[in-house]
Amino acid sequence: MYRHFGEVDAAKASPLYERIAIALSESDEALRAIEAAPARKRHPALILAALHDLALDGRAPALAAAYAVGDGDAAAEAAIDTLLRMTDSVVAIAVRRQTRTNEAGRCAVLYPAIAEAARRVGANAVGLIDVGCSAGFNLNVDRVGITYSNGQSLGDPSSPVQLSASIVGDRPVPTRAMPDVVTRIGVDLDPVDVTDAEEARWLRACLWPDQREQIARLDAELALAATDPPLLLHGDAVEVLPDAFARVPADALPVVTTTWALSQFSLESRLRFLHRLDGAATGRPVAWVSAEGVGVAPAIPTLGDRRASGHSIIGLAVLNQSTLYAEAVGRCWSQGRLLAWLADS
């Protein structure tokens, strides 16, 4: 597993992790130390993140120094030494944590779809509810700058967080501005509080230490999120959603967003999720914007695409009283880095 991670997963993307993973695979002592963790917690990405966390926390200075200068041989030696000296600490972090991916690139998909939902309802304000929010970066969708490959732009051009996405096909995305966001609510079984230094450090630890551009962007995202932290609701989305809806002001359109979150739900839970949206729409319209694998989001058309097609469907559903209007407004790839807008706007 560690050799494959080094030679395939980390190859070219991270010379440091390529060298470390292969070195770990060749060390019997290191592999025995890794086996101190439960089987489901031995994945290279998680163990390497735990080691990175110790380096960022100042508890593995030799490893931190090797990371700082990008010295693969020194990093491999320091990683093995840290793992052998601090096996209990590495295992404790791995057991308590899960790897986190926070792709603000998803905002390139969410922004035009949320703005379109508001247009269709005639809303002048929206309350965002992000299901599976992790650190809640999606909730800052209106506060980032987005540039598309066709020259279009959305959001805040002066934001410290600037994103880019490529347009597939000839149809542009709608350039309508999103209305005021009056509420930002994140729903997750284990949300990340960006104002907590330890939690923020773990997000950094999950990035590979030689991914300088991603680290700089994460730092900008953390700083932006910390200026207006979202309300975080812990728990199962199906159970927590009624509370989230109740916190959106009556004169704002509740917009629920899911980005590759519903695949973690059973089919029964996905249907109950849709039922929750319907129940909230008895007194006012509710919108749901999704970016999910083909066939994952209930009620969203699949456009005849195959489930294993390699892309996701951008869905827009508006629920009002007993009426559900659901449309596939686009397709996207690579967590929102590429998108094709399909809907008439």
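Conventions used here
- Residues numbered from 1 in each chain as written.
- Predicted model: local features only at pLDDT ≥ 70, side-chain atom pairs only at ≥ 80, totals over all residues.
- Heavy atoms only, no water.
- Helix = DSSP H or I, 4+ residues; strand = E, 2+ residues; numbered from the N terminus.
- Rg over C-alpha atoms; globule rule 2.2 N^0.38 Å.
- Buried < 20%, exposed > 50% of the residue type's maximum accessible area, 1.4 Å probe, protein only.
- Contact = heavy atoms within 4.5 Å.
- Expected span 1.5 Å × (residues − 1).
- Pairing = 2+ DSSP bridges.
- Axes fitted to C-alpha atoms, helices over the stretch in contact; angles between N-to-C directions.
- Lys, Arg positive; Asp, Glu negative; His and termini not counted.
- Salt bridge = Lys/Arg side-chain N within 4 Å of Asp/Glu carboxyl O.
- Polar contact = N/O pair within 3.5 Å; in protein donor to acceptor, adjacent residues only side chain to side chain.
- Parallel < 35°, antiparallel > 145°, perpendicular 65-115°, else oblique.
- Left-handed = near helix turned anticlockwise from the far one by under 90°.
- Nonpolar A, V, L, I, M, F, W, Y, C, P; charged D, E, K, R; others polar.
- Core = buried A, V, L, I, M, F, W, Y, C linked by side-chain atoms within 4.5 Å.
- Phe/Tyr/Trp six-rings, centres within 6.5 Å; stacked < 30°, edge-to-face > 60°.

Time to look at the overall build of the protein. Of regular secondary structure, the protein possesses 12 helices and 11 strands. The C-alpha radius of gyration of the protein comes to 21 Å, within 12% of the 20 Å expected for a compact globule of 345 residues. Taken along its principal axes, the extent of the C-alpha atoms in the protein is 65 × 40 × 40 Å. Buried positions account for 54% of the 345 residues belonging to the protein. Across the protein, the fraction of contacts at a sequence separation of at least 24, relative to all contacts at a separation of at least 6, is 70%.

Moving on: helix α10 (residues 212–227). A rise of 1.5 Å per residue sets the reference length of α10, with its 16 residues, at 22 Å; its end C-alpha atoms lie 23 Å apart and thus fit the reference within 8%. Where α10 is buried, its residues touch α9 (197–205).

Pairing is mixed in the open sheet, where 11 strands are placed in the order β3-β2-β4-β11-β10-β9-β8-β7-β1-β5-β6. In this open sheet, the two edge strands, each paired with only one partner strand, are β3 (153–155) and β6 (231–234). Direction aside, the axes of adjacent strands within the sheet are offset by 25° on average. In this sheet, strand β11 (residues 338–341) lies alongside strand β10 (residues 323–333) in antiparallel orientation, the contact comprising four bridges. Residue pairing across strands places Gly 330 opposite Trp 341, the latter belonging to β11. Against the sheet, helix α12 (residues 267–280) engages β1 (125–131), β7 (253–259), β8 (286–293) and β9 (312–320), with an angle of about 165° to β8.

Before going further, it helps to examine the side chain of Arg 143. Position of Arg 143 relative to the elements: it lies in the loop between β1 and β2 (145–148). One buried charge, Arg 143, has no salt-bridge partner; the nearest side chain with opposite charge is Asp 228, at 4.6 Å. Here Leu 224 takes part through its backbone oxygen, which lies 3.2 Å from a polar atom of the side chain of Arg 143. If we ignore the near neighbours within four places in the chain, the residues touching Arg 143 are Asp 156, Ser 159, Arg 184, Leu 224, Thr 227 and Asp 228.

Moving on: the packing of helix α2 (residues 15–25) against helix α4 (residues 44–56). Contact geometry for α2 and α4: axes closest at 12 Å, N-to-C directions at 110°. Between α2 and α4, the crossing angle belongs to the class labelled roughly perpendicular. In the crossing of α2 with α4, the sense of the turn from one axis to the other is right-handed. Side by side, α2 and α4 meet where Tyr 17, Ile 20 and Leu 24 of the first sit next to Leu 48, Ala 49 and His 52 of the second. Tallied by class, the residues present in the contact of α2 with α4 amount to five nonpolar, one polar and no charged.

Time to look at the pattern of salt bridges. In total, this model carries 24 salt bridges according to the counting rule given. The partner of Glu 221 in a salt bridge is Arg 217, with the nearest N and O atoms 3.4 Å apart. Here Arg 217 and Glu 221 lie together in helix α10, a separation of four residues that amounts to about one turn. What makes Glu 221 buried here is its relative accessible area of 5%. Of the residues examined, Arg 217 reaches a relative accessible area of 27% and is grouped as partly exposed.

The backbone of Ser 334 sits at a positive phi, close to 50°, despite the residue not being glycine. With respect to the secondary-structure elements, Ser 334 resides in the loop between β10 and β11. Its relative accessible area of 42% is what places Ser 334 among the partly exposed residues. For Gln 335, which is not glycine, the phi torsion reads 55° and is therefore positive. With respect to the helices and strands, the residue Gln 335 is situated in the loop between β10 and β11. Classification of Gln 335 as partly exposed rests on a relative accessible area of 28%.

With 40 residues, the main nonpolar core has Ile 114, Leu 128, Val 141, Tyr 148, Val 255 and Leu 339 as its most contacted residues. Looking at which element gives the most residues to this core, the answer is helix α8 (residues 107–121), with nine residues. Grouped together as the second largest cluster of nonpolar side chains are 38 residues, Ala 10, Ala 23, Ala 75 and Ala 205 included.

Here the focus is the packing of aromatic side chains. Across all of its chains, the model carries four aromatic pairs by this definition. Summarising the aromatic geometry, the rings of Phe 5 and Trp 208 are spaced 5.7 Å apart at their centres and angled 65° between planes, so their arrangement reads as edge-to-face. Of this pair, Phe 5 sits in helix α1 (residues 2–9) while Trp 208 sits in the loop between α9 and α10; the two residues are 203 residues apart in sequence, bridging distant segments of the chain. On the basis of relative accessibility, which here comes to 16%, the residue Trp 208 falls in the buried class.

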